[in-house]
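# Architecture at a glance
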Amino acid sequence: MPDPTPSTSPTPTATPIEEDPSPDRPTEEDPSPDQEDNRPSHQKRSKNNPLFELNSAMANVDVLALAKASVANQGIRLGSADAPVKVEVFHDLKCGMCGYWFQDILPKLRAVYVVKGDIQFSFIDDPLIMREPGITLASATFCAGDPNKYLAYAHKIYADMKTSDTSKVDQYTKDLNLNLPIFKKCLADKGKINQLNANVKRASEENINGTPMFLLMVN
């Protein structure tokens with residue numbers, strides 16, 4: 001497993017989501033079992049609530065929770081556009097904790113909540129240091145194509161993190177049976193550097209100073 005050390009040491013100043021230690025246990029704010037719970041769905045303490053399950057699955061990951069009226073139309077999206085919970089994932093392909101989340105946590109959330117239409121993920125490549133090999137690796141995942149290929153490419157990089165660099169890009173592309181000429185044409189497009197710069201700028205505006213970080217919107 002990759003070294004689970006976050007890519008930066010500073011702790012985010014925003015208040016993290018607190019894990020609910022016992023989702024089904026009534027609290028002073030919770031209605032008793034014989035009372036109807038009329039609160040919004042995302043406030044209900046229930047094992048069937050995808051937000052609380054998401055909190056539990058991310059208990060060991062720094063999470064930045066921001067109340068959002070909408071989620072920016074950026075990134076590669078996985079899941080239904082009608083999902084009640086939308087999560088933007090800011091990640092750096094040279095970040096050990098990001099690799100842990102992608103390889104160990106995301107598959108579990110995807111198998112249950114993405115498939116059921118409860119959560120939609122948007123993946124935002126956010127190199128904390130805008131230099132190689134981070135720029136090329138982030139561009140490569142985007143050029144892989146649809147969400148499944150994007151995630152497969154990211155998994156390749158994270159699984160090979162200690163040695164992944166620009167020299168591995170063609171090999172990853174062949175391993176995933178991608179169209180190499182089309183991929184290289186996409187990779188040569190310098191417009192993606194502008195997109196990465198925009199991602200980094202937005203992360204700064206959201207006070208994100210480490211990865212992985214998550215922006216949540218609950219309908």
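Everything discussed here concerns the structure shown above.
Now for a description of the structure that goes with this document. (Residues numbered from 1 in each chain as written. Predicted model: local features only at pLDDT ≥ 70, side-chain atom pairs only at ≥ 80, totals over all residues. Heavy atoms only, no water.)

## Digging into the pattern of salt bridges
What the rule picks out here adds up to eight salt bridges. We note a salt bridge from Arg202 to Glu88, for which the minimum N-O separation is 2.7 Å. With Arg202 in helix H7 (residues 191–205) and Glu88 in strand S2 (residues 85–91), this pair connects stretches of sequence that are 114 residues apart. Each member of the pair, Arg202 together with Glu88, is buried. Between Lys156 and Asp175 there is a salt bridge, with the nearest N and O atoms lying 3.3 Å from each other. Residue Lys156 is found in helix H4 (residues 147–159), and its partner Asp175 is found in helix H5 (residues 169–175); the two are separated by 19 residues along the sequence. According to the relative accessible area criterion, Asp175 is partly exposed, its value standing at 36%. Connected through salt bridges with shared partners, the residues Glu88, Arg202 and Glu206 form a single ionic network. (Salt bridge = Lys/Arg side-chain N within 4 Å of Asp/Glu carboxyl O. Helix = DSSP H or I, 4+ residues; strand = E, 2+ residues; numbered from the N terminus. Buried < 20%, exposed > 50% of the residue type's maximum accessible area, 1.4 Å probe, protein only.)

## Observations concerning the packing of helix H3 (residues 134–143) against H7
Remark: H3 packs on H7, axes separated minimally by 10 Å, with the N-to-C direction vectors making an angle of 105 degrees. In terms of their interaxial angle, H3 and H7 are classed as roughly perpendicular. Where H3 approaches H7, its residues Ile135, Ala138, Ser139, Phe142 and Cys143 are matched on the opposing element by Lys192, Ile193 and Leu196. Here the contact of H3 with H7 is built from residues that sort into six nonpolar, one polar and one charged. (Axes fitted to C-alpha atoms, helices over the stretch in contact; angles between N-to-C directions. Parallel < 35°, antiparallel > 145°, perpendicular 65-115°, else oblique. Contact = heavy atoms within 4.5 Å. Nonpolar A, V, L, I, M, F, W, Y, C, P; charged D, E, K, R; others polar.)

## Details of the sheet that holds strand S3 (residues 119–125)
If you trace the four strands from one edge of the open sheet to the other, you get S1-S3-S2-S4, paired in mixed fashion. Whereas interior strands pair on both sides, the edge strands pair on one side only; in this sheet they are strand S1 (76–78) and strand S4 (213–218). Taken pair by pair, the neighbouring strands of this sheet meet at an average axis angle of 20 degrees, ignoring direction. As paired strands, S2 and S4 are joined by six bridges and run antiparallel to one another. Looking across to S4, one finds that Glu88 is bridged to Leu215. Relative to the sheet, helix H2 (residues 96–114) contacts S1, S2, S3 and S4, its axis offset from that of S3 by approximately 155 degrees. (Pairing = 2+ DSSP bridges.)

## Looking at the pairing of S3
Within S3, seven of the seven residues are buried, which leaves it mostly tucked inside the rest of the structure. Pairing analysis gives seven bridges linking S2 to S3, with the strands arranged parallel. When the sheet's bridge partners are listed, Phe90 is paired in S3 with Ile124.

## Observations regarding the side chain of Thr136
Along the polypeptide, Thr136 turns up in helix H3. According to the relative accessible area criterion, Thr136 is buried, its value standing at 17%.

## Considering H7
The end-to-end C-alpha separation of H7 is 21 Å, in line with the 21 Å expected for 15 residues at 1.5 Å each. Listing the buried residues of H7 in full gives Lys192, Leu196, Asn199, Arg202 and Ala203. For H7, the angular spread of the buried residues around the axis is 120 degrees, confining them to a single face. Seen from the buried face of H7, the exposed residues on the opposite side, beyond 90 degrees, are Asn194, Lys201 and Glu205. Of the residues trailing H7, Asn207 is marked for its positive phi of about 60 degrees. (Expected span 1.5 Å × (residues − 1). Arc of directions from axis to C-beta.)

## Remarks on the state of the cysteines
Applying the stated criterion across every chain yields a total of one disulfide. There is a disulfide in this structure between Cys143 and Cys186, and the S-S distance comes to 2.2 Å. What sets the handedness of the Cys143 and Cys186 disulfide is the S-S torsion sign, and at about -80 degrees it is left-handed. In this pair, Cys143 sits in helix H3 while Cys186 sits in helix H6 (residues 180–188), placing the two residues 43 residues apart along the sequence. The exposure class assigned to Cys186 is partly exposed, which follows from its relative accessible area of 22%. (Disulfide = S-S within 2.5 Å.)

Remember, this is a structural readout, not a statement about activity or role.
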